[in-house]
Amino acid sequence: MKNFIIIFAALTIWLSGCKHSIKESHDLNAEPEIWPKYKDVTIPAEIAPLNFNLTGIPYNYLILNVKGSKSGKLSYEGKYIDMDIDEWHNLTEQNKGGKLEFYLSFVKNGIKYNYKPFVMHVSEYELGEYGLTYRRIEPGYVSFRQMGIYCRNLSNFEENSIYKSSSVLGTCVNCHTSNMTNPDDFLFHIRGDKYGATVLNHNNKLNFYNTQTAKTLGLAVYPYWHKSGKFVAFSTNNTKQVFHSANVKRIEVFDLNSDLQIFNTETNEFILSKEIKNDTILETFPAFSSDGKTLFFCETPKLPEPFFIEDMKYYLMKADFDDKTGKITSKKDTLIKIDGKSISFPRPSYDGKYLMFTACDYGTFPIWHKEADLYLYNFQDSTCRAIDEINSDDTESFHNWSKNSHWVVFASRRIDGLYTRLYIAQIDDNGKFSKPFLLPQRNPLKYYNELFDSYNTPDFTEKPVNVSEITLRKQIESCERTSVQATE
């Protein structure tokens, strides 16, 4: 046995020596083809290492040297780039407001080939968030075997489930949201004929609600927290889906009816408003302004049946909100109308400067629209523009802001047109966005090739979501629900 160990150790040393035996070196007049395409991106110093793979050529192993424009360096060798997390963070912290230069080489048959360097920029703005929450779901149409809401630590690669549909068979989970990235106020919906509930965590107490009332269309759907934590704006939607018979598009999701209501978390009641409730209008996607004084939402005239879905164009509306009573105090007014476009998912920045939304050619569910893009409305000068810096030739859809309003996360299908992935981008003091980067993974090519889930409804979170999945399962299975009332 001792002889075997000695022989094995000697063989390991010999193989290691062979790996580093470089006979000659050549400089290439080209930058490397890496995946993901992280060249020239701007990153927060707190982000996990932006590991990458070299594509398009065969090789034995890679050699990487990274140098900071201000100070510091790190090195790595391997089949793909998997940088040490602590070394990476030391380097990014030293180079805030500067850049990192990446010197990549590959070795093949003892010959080293050196690429021209490329750079990543380290932002002067802090991320200020622990991580992301999101739903992972199979990209299907009718039923889903597995889905879940997850929390990802953005400083490393740790991902933990908040709730998975497999915890209680027959449940669907959707529409999670926190209060300005603070998960002390957190909610999501459990769907299912037997176990359905709106789960709301507020003041360190979990509440499970049945949101069906006689005065509303049905169960609560799209939510948005008021900054006080006292109110949540919900839409109630009677949603249908149809399939295209001869079109490059696969499916269309639309509302037959929809309304808005405000939920009071202290009294367990919906507050209805005559100012925004109208049977001839479809209202959806509510969102409060950062100061809590305005309610934004999308609406379109209800079309008589039968109708063409292509005729459904949503506008962005606003109305004054009383944060003491939870009531709408003014008539609604049109804030944004874009000819030939339909608006969805309004998300105001928390610093009060901007509002981001998705616009597509028609309808209310842009995730199936290849032409869907992100737009930015500037409250300071009332201008509105497509965000060309981060839009792609494929679908951009759901999005959210970091608490300091210098980072955005959004969902995109730009990789293959099928699976929705998450991207992060910086916005500077002048409202200009940096090149977005794909959510980092330890081995990105392997991870994304083997993941058959889409990401959606992403949001930043300032700390881990303190909700026990075991507690959730027990309460869901108990079927104990708190009823709510609706008052005008």
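Here is a short report on the structure shown in this document. Throughout this document, residue positions are counted from 1 along each chain, in the order its sequence is written. In keeping with the predicted nature of the model, local features appear solely for residues at pLDDT of at least 70, side-chain atom pairs appear and are counted solely at 80 or more, and the whole-chain, interface and lining totals rest on all residues. The basis for the side-chain values is all heavy atoms of the structure; hydrogens and waters are excluded.

Right, let's talk about helix α4 (residues 469–478) for a bit. Each residue is placed in one exposure class: buried if its accessible area under a 1.4 Å probe, protein chains only, is under 20% of its type's maximum, exposed if it is over 50%, and partly exposed if it falls in between. Numbering of helices and strands runs from the N terminus, with a helix taken as a DSSP run of H or I at least four residues long and a strand as a DSSP run of E at least two residues long. For α4, the set of buried residues is E469, L472 and I476. Each buried residue of α4 sits inside an arc of 55° when the element is viewed along its axis, so together they form one side. Across from the buried face of α4, at angles greater than 90 degrees, the exposed residues are I470 and K474. Where α4 begins, the capping side chain belongs to S468, and its oxygen is found 3.3 Å from the backbone nitrogen of I470. One or two residues past the end of α4 sits C479, with phi positive at roughly 65°. Directions drawn from the helix axis to the C-beta atoms are what define this arc. Whenever a nitrogen or oxygen atom comes within 3.5 Å of another N or O atom, the pair is scored as a polar contact, on the condition that within protein one atom can donate a hydrogen and the other can accept it, and that pairs from neighbouring residues in sequence are kept only if both atoms are in side chains.

This brings us to the packing of aromatic side chains. The way to describe two aromatic rings as a pair is by their centre distance and the angle between their planes. The criterion for an aromatic pair is that two Phe, Tyr or Trp rings (for Trp, the six-membered ring) have centres within 6.5 Å, with stacked assigned to planes under 30 degrees apart, edge-to-face to planes over 60 apart and tilted to the rest. Taken as a whole and assessed by the stated rule, the structure comprises 24 aromatic pairs. A ring pair is formed by F288 and F321, whose centres lie 4.8 Å apart and whose planes are at 55°; its orientation type is tilted. Separated by 33 residues along the polypeptide, F288 in strand β21 (residues 281–288) and F321 in strand β23 (residues 315–322) bring together distant segments of the chain. Judged by relative accessible area, which is 1%, F288 ranks as buried. Here the aromatic cluster, defined as three or more aromatic residues joined through ring pairs, consists of Y209, F234, F263 and F270. Directly above the aromatic system of Y103 lies the positively charged group of K67, at a separation of 5.2 Å from the ring centroid. Both a distance and an angle decide whether a charge sits over a ring: NZ of Lys or CZ of Arg must be within 6 Å of the ring centre and within 35 degrees of the ring normal. Seen from the ring of Y150, R136 lies directly overhead, with NZ or CZ sitting 4.5 Å from the centre.

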